[in-house]
Amino acid sequence: MEESNNYGHQHPLLLILNQDQLIHNQSGVTHCSRCGEKVSAPCFCCAERCGFYVHKVCAEAPLELNHPFHTHHPLLLMQNAPYSSGLYICNFCDQDGSKFVYHCSCGLDFHIKCALFTFNIAENNLKELDHVALQHPLISTENGDEELGDVSKCFGCWEPLAKYTHFSPDCGFNFHEKCAKLPFKLNHECHRKHPLALQFNSKRLSCKICRETNRETDRRRIGFVYGCSPCKFAVHIECVSASLDLVVEDKSHEHPFSLFTRRSSFICDACGMEGSYASYICCTCNIMVHKKCTSLPRIIKSKWHDHRLFHIYFFPDEFTSSDCMICHDEVDPEHGSYCCSHCNITFHVRCVTEDKRSYSIVSLENEDEMPNESSIIVIESNDAGEATKIKHFKHMHNLMLGPFDGGYENNCDGCMLPISDPFYYCSECVFFLHKACAELPKMKNVWHELCREPLALISDKVFECAKCRHICNTFAYECSECESKRCLRCVIALTPGARTSLRHEHPLFFYKDYHGRCDACGNLTLGAFCCKDCNFVLHFGCFSLPITAHHKCDEHLLSLTAHNDNKYLESHYCDICEESRDTNRWFYHCAICDTSVHVNCVLGKYPFLKLGSIFEETDHPHPLTIVKKKYYYLDCNKCGKPCEDLSLECSKLECKYIVHLDCVVHYTLRCFLWWRM
């Protein structure tokens with residue numbers, strides 16, 4: 001242990017060369033003041049034991065670094081990133097940081113370790129990596145044996161590490177030995193104007209050879225590539241060095257493909273995406289494809305659809321659909337796609353295969369499809385074959401097909417939206433189901449969800465919907481692994497195809513990546529139902545708003561309304577809360593009484609909870625019933641205030657236990673589910 005300069009610290013520092021000499025704090029973990037990571041020797045510590053530690057490498061990092069992978073400007077070492085938040089994203093490892101940063105005026109940011117590690121790679125200073133052990137990753141198999149793993153990927157070429165000897169530094173990097181010794185410059189046929197230089201992909205350009213754009217490989221747009229800065233040209237390391245087979249067999253095509261190198265771009269007939277430099281051609285059919293597309297599976301089972309999907313190169317004559325069921329953009333009939341012959345629908349190859357977790361390969365064409373188990377048993381049918389009497393597995397009595405002369409003031413027990421034709425009702429108790437809700441299967445894949453297994457239909461549980469975030473106790477689909485739940489309103493809304501809204505003339509399509517404001521409420525939303533013909537947008541919550549609703553402020557049904565017809569009023573107010581209303585936002589209205597009210601004032605916090613149902617997620621020993629108190633307000637056993645409106649009341653009358661629904665849901669359900677999901 002020897003004394004050193006203080007590197008900006010107020011006390012003298014001691015150099016620690018042995019890990020056993022580290023003096024840890026009470027938690028047993030110490031962190032570097034510059035990079036924020038766990039301290040390991042060699043490092044400096046404060047001689048006064050004030051808790052200051054810094055890695056030797058971090059302490060001695062130069063204030064200015066002229067990096068060979070970024071020759072335009074120097075990288076300056078700064079104590080904080082020059083942004084208002086003080087946070088940054090490293091352009092090499094794509095992880096965030098809040099400590100010291102190497103920053104460039106053109107917007108590049110690097111952790112200290114990332115900048116120095118890549119500097120040594122660029123300078124071929126492999127002697128600086130003596131602490132790096134050459135090894136193969138091993139993983140345990142089911143039978144207890146160990147074999148080469150394929151968990152991590154090389155930071156250079158993003159190929160699995162198990163294929164080659166690699167560097168595995170203490171600081172968390174993984175590199176093939178061959179990638180650590182790549183030439184700094186090279187000439188390549190794909191870009192003959194200028195040599196390609198190994199450099200940071202600062203502009204995050206896509207590879208000109210493979211045109212890779214899917215999510216799994218987005219990380220390859222960071223790190224470094226071979227590029228030509230003047231031409232804004234970049235190619236992946238593995239694409240430059242990959243050996244190209246002269247002839248390959250395509251699983252979904254009857255003839256072999258031959259290699260054809262070219263100087264111009266082309267459109268791949270298998271996926272419809274652009275390609276360049278190297279293509280494979282079927283001379284018999286005159287089809288041209290990417291090399292990666294020669295291995296596209298012919299048949300897949302996707303969670304985006306209930307039937308198997310077949311890869312085709314051209315639309316058959318019987319197909320009329322030309323829009324992708326995921327992104328809703330047009331599918332080019334002259335290029336490849338996945339299709340379902342049962343439903344006459346198509347998918348872009350890139351959309352249905354962008355996430356490998358969302359599909360599986362079907363090896364045999366005659367392999368039986370797994371049938372969806374129905375939730376109902378048909379007891380009686382009419383002459384048209386329509387089920388008129390059924391038994392639903394979530395209800396004890398038989399259900400009859402409406403109409404029902406008792407009126408339509410009740411809600412569907414499946415989705416809690418107002419009853420409308422067609423629907424089923426129970427003649428022995430107050431129970432209603434829309435026909436669409438009743439016919440949903442027991443197990444279902446839900447679109448735009450990452451859960452691997454099909455979700456199971458459940459009922460009688462209070463939950464927070466993972467999509468619309470409403471607290472509900474309706475029917476729902478639940479994941480057996482993460483236990484997250486989706487209400488029927490969201491599940492039905494996400495069913496493939498165009499949706500209709502009674503407040504808009506055009507069909508709506510769901511776009512999971514849309515970011516903007518909802519036309520109904522004005523709030524920002526991520527993911528929404530959008531119109532392709534105009535700029536109309538609805539987020540999940542507003543899309544499933546009840547068209548009509550009851551409230552004690554008016555004796556009539558209130559109707560959901562998009563615009564104020566009364567233009568003579570100077571100001572617009574809500575007749576419940578008496579506060580002003582935005583005339584551009586949706587509201588509930590009674591045309592007979594001219595009552596106008598906010599949507600939230602009518603529906604309240606919990607519009608999708610069934611009164612009289614049991615709430616079990618509490619620490620109370622007896623079951624609690626969801627009630628709506630209109631008089632005789634007892635004090636809440638949690639907060640002591642009178643229980644008005646929605647409350648939870650003990651089912652045992654002698655108990656006299658009652659709490660606000662807010663007092664229970666806020667602390668026991670909502671907090672638990674937000675953290676779990």
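So, how was this worked out
- Residues numbered from 1 in each chain as written.
- Predicted model: local features only at pLDDT ≥ 70, side-chain atom pairs only at ≥ 80, totals over all residues.
- Heavy atoms only, no water.
- Helix = DSSP H or I, 4+ residues; strand = E, 2+ residues; numbered from the N terminus.
- Buried < 20%, exposed > 50% of the residue type's maximum accessible area, 1.4 Å probe, protein only.
- Polar contact = N/O pair within 3.5 Å; in protein donor to acceptor, adjacent residues only side chain to side chain.
- Contact = heavy atoms within 4.5 Å.
- Phe/Tyr/Trp six-rings, centres within 6.5 Å; stacked < 30°, edge-to-face > 60°.
- Pairing = 2+ DSSP bridges.
- Salt bridge = Lys/Arg side-chain N within 4 Å of Asp/Glu carboxyl O.
- Disulfide = S-S within 2.5 Å.
- Axes fitted to C-alpha atoms, helices over the stretch in contact; angles between N-to-C directions.
- Lys, Arg positive; Asp, Glu negative; His and termini not counted.
- Patch = residues over 30% accessible without salt bridge, like charges linked within 9 Å, V, L, I, M, F, W, Y side chains within 5 Å.
- Areas by Shrake-Rupley, 256 points an atom, 1.4 Å probe, with all protein chains shown as cover.
- Charge placed at Lys NZ, Arg CZ, Asp CG, Glu CD.
- pLDDT = per-residue confidence, 0-100.

- Going by the annotation in an unreviewed UniProt entry, the name recorded for the protein is Phorbol-ester/DAG-type domain-containing protein, with Gossypium raimondii given as the source organism.

1. Structural notes on the side chain of asparagine 473
Then comes step 1: Among the secondary structure elements, asparagine 473 is positioned in the loop between β39 (471–472) and β40 (476–478).
Then comes step 2: Of the residues examined, asparagine 473 reaches a relative accessible area of 2% and is grouped as buried.
Then comes step 3: Of note is the side chain of asparagine 473, whose polar atom sits 2.8 Å from the backbone nitrogen of lysine 610.
Then comes step 4: Residue contacts for asparagine 473: discarding those within four places in its chain leaves Asp460, Lys461, Val462, Phe463, Phe608, Leu609, Lys610, Ser613 and Ile626.

2. Observations concerning the packing of aromatic side chains
Then comes step 1: Counted by the stated rule, this structure contains eight aromatic pairs.
Then comes step 2: When the centroid spacing of 5.6 Å and the interplanar angle of 85 degrees are considered together, the rings of phenylalanine 69 and phenylalanine 200 count as edge-to-face. Of this pair, phenylalanine 69 sits in the loop between β5 (64–65) and β6 (75–78) while phenylalanine 200 sits in strand β17 (residues 191–200), and the two are 131 residues apart along the sequence.
Then comes step 3: Aromatic side chains phenylalanine 510 and phenylalanine 529 sit 5.2 Å apart centroid to centroid with 55 degrees between the ring planes, which places their arrangement in the tilted category. Of this pair, phenylalanine 510 sits in strand β42 (residues 508–517) while phenylalanine 529 is found in strand β43 (residues 524–531), placing the two residues 19 residues apart along the sequence.

3. A closer look at the sheet that holds strand β44 (residues 537–538)
In any sheet, the strands associate via hydrogen bonds between backbone groups, in a parallel or an antiparallel arrangement.
Then comes step 1: One open sheet holds the three strands; their spatial order is β42-β43-β44, and the pairing between them is antiparallel. Where the open sheet ends on each side, the last strands, each with one partner, are β42 and β44.
Then comes step 2: As judged from the two bridges shared by β43 and β44, these two strands associate in the antiparallel manner. Bridge pairing in β44 places cysteine 530 opposite valine 537.

4. Section: the pattern of salt bridges
Then comes step 1: One pass over the structure, following the stated rule, counts eight salt bridges.
Then comes step 2: The partner of aspartate 413 in a salt bridge is lysine 610, with the nearest N and O atoms 3.9 Å apart. You can see aspartate 413 sitting in the loop between β33 (398–401) and β34 (423–425) and its partner lysine 610 sitting in the loop between α9 (599–603) and β49 (614–615), a full 197 residues away along the chain.
Then comes step 3: Judged by its relative accessible area of 12%, lysine 610 falls in the buried class.
Then comes step 4: Here arginine 585 and aspartate 582 are joined by a salt bridge, their closest N and O atoms 3.6 Å apart.

5. Quick look at the environment of histidine 504
Then comes step 1: Structurally, histidine 504 can be placed in the loop between α7 (488–493) and β42.
Then comes step 2: With 32 residues separating them along the chain, histidine 504 and phenylalanine 536 place their C-alpha atoms 8.1 Å apart.
Then comes step 3: Apart from the residues lying within four places of it in its own chain, the contact partners of histidine 504 are Cys531, Cys534 and Phe536.

6. Re the environment of phenylalanine 587
Then comes step 1: Inspection of the secondary structure puts phenylalanine 587 in strand β47 (residues 587–590).
Then comes step 2: The buried category is assigned to phenylalanine 587, whose relative accessible area is 2%.
Then comes step 3: Each C-alpha atom, one on phenylalanine 587 and one on cysteine 521, is 9.1 Å from the other, the two residues being 66 residues apart in sequence.

7. Considerations on the state of the cysteines
Then comes step 1: Enumeration according to the criterion identifies zero disulfides in this entry.
Then comes step 2: Here cysteine 426 is not disulfide-linked; the sulfur of cysteine 429 is the nearest cysteine sulfur, at 3.5 Å.

8. Quick notes on the sheet that holds strand β19 (residues 233–235)
Then comes step 1: Strands sit in the order β16-β17-β18-β19 across an open sheet of four strands; the sheet is antiparallel. Whereas interior strands pair on both sides, the edge strands pair on one side only; in this sheet they are β16 (185–188) and β19. Across the sheet, the axes of successive neighbouring strands diverge by a mean angle of 35 degrees, strand direction being ignored.
Then comes step 2: When β17 meets strand β18 (residues 224–228), the two strands line up antiparallel, connected through four bridges. Bridge pairing links phenylalanine 200 to phenylalanine 224 in β18.

9. Concerning unusual backbone geometry
Trans is the common state for peptide bonds, and a negative phi is the common state for residues other than glycine.
Then comes step 1: At asparagine 286, a residue that is not glycine, the phi angle is positive and equals roughly 60 degrees.
Then comes step 2: With respect to the helices and strands, asparagine 286 occurs in the loop between β24 (278–282) and β25 (287–289).
Then comes step 3: Asparagine 286 sits in the exposed class, given a relative accessible area of 64%.
Then comes step 4: The residue glutamate 483 is not glycine, and still its phi comes out positive at about 65 degrees.
Then comes step 5: Mapped onto the secondary structure, glutamate 483 falls in the loop between β40 and β41 (485–487).
Then comes step 6: By relative accessible area, which is 37% here, glutamate 483 ends up partly exposed.

10. Side note on the environment of valine 362
Then comes step 1: Mapped onto the fold, valine 362 is located in the loop between β30 (359–361) and β31 (376–381).
Then comes step 2: The class for valine 362 is buried, based on a relative accessible area of 8%.
Then comes step 3: Separated by 63 residues in the primary sequence, valine 362 and isoleucine 299 place their C-alpha atoms 5.3 Å from one another.

11. Section: the side chain of arginine 34
Then comes step 1: Relative to the elements of secondary structure, arginine 34 occurs in the loop between β2 (13–16) and β3 (43–46).
Then comes step 2: The side chain of arginine 34 sits in the buried core without any salt bridge; glutamate 60 is the nearest counter-charge, 9.7 Å away.
Then comes step 3: For arginine 34, the side chain forms a polar contact with the main-chain oxygen of cysteine 58, separated by 3.0 Å.
Then comes step 4: Look past the residues within four positions of arginine 34 in its chain and what remains in contact with it is Tyr7, Val54, Cys58, Ala59, Leu77, Lys99, Phe100 and Ile112.

12. Observations regarding the pairing of β17
Then comes step 1: For β16 and β17, the ladder comprises three bridges, and the chain directions are antiparallel. By the bridge assignment for β17, histidine 188 is matched with histidine 191.

13. Comments concerning a negative patch on the surface
Then comes step 1: A surface patch of like charges, here negative, comprises Asp329, Glu330, Asp332 and Glu334.
Then comes step 2: Residue position: aspartate 332 is located in the loop between β27 (308–312) and β28 (337–340).

14. Considerations on the confidence of the model for the protein
Then comes step 1: Per-residue confidence for the protein averages 77 on the pLDDT scale, and 79% of its residues sit at or above 70.
Then comes step 2: Across residues 129–151 the pLDDT falls below 50, and counting only partners more than four positions away or on other chains, this stretch makes 44 contacts in the model.
Then comes step 3: Scored below 50 in pLDDT, residues 213–220 makes 20 contacts in the model with residues more than four places away or belonging to other chains.

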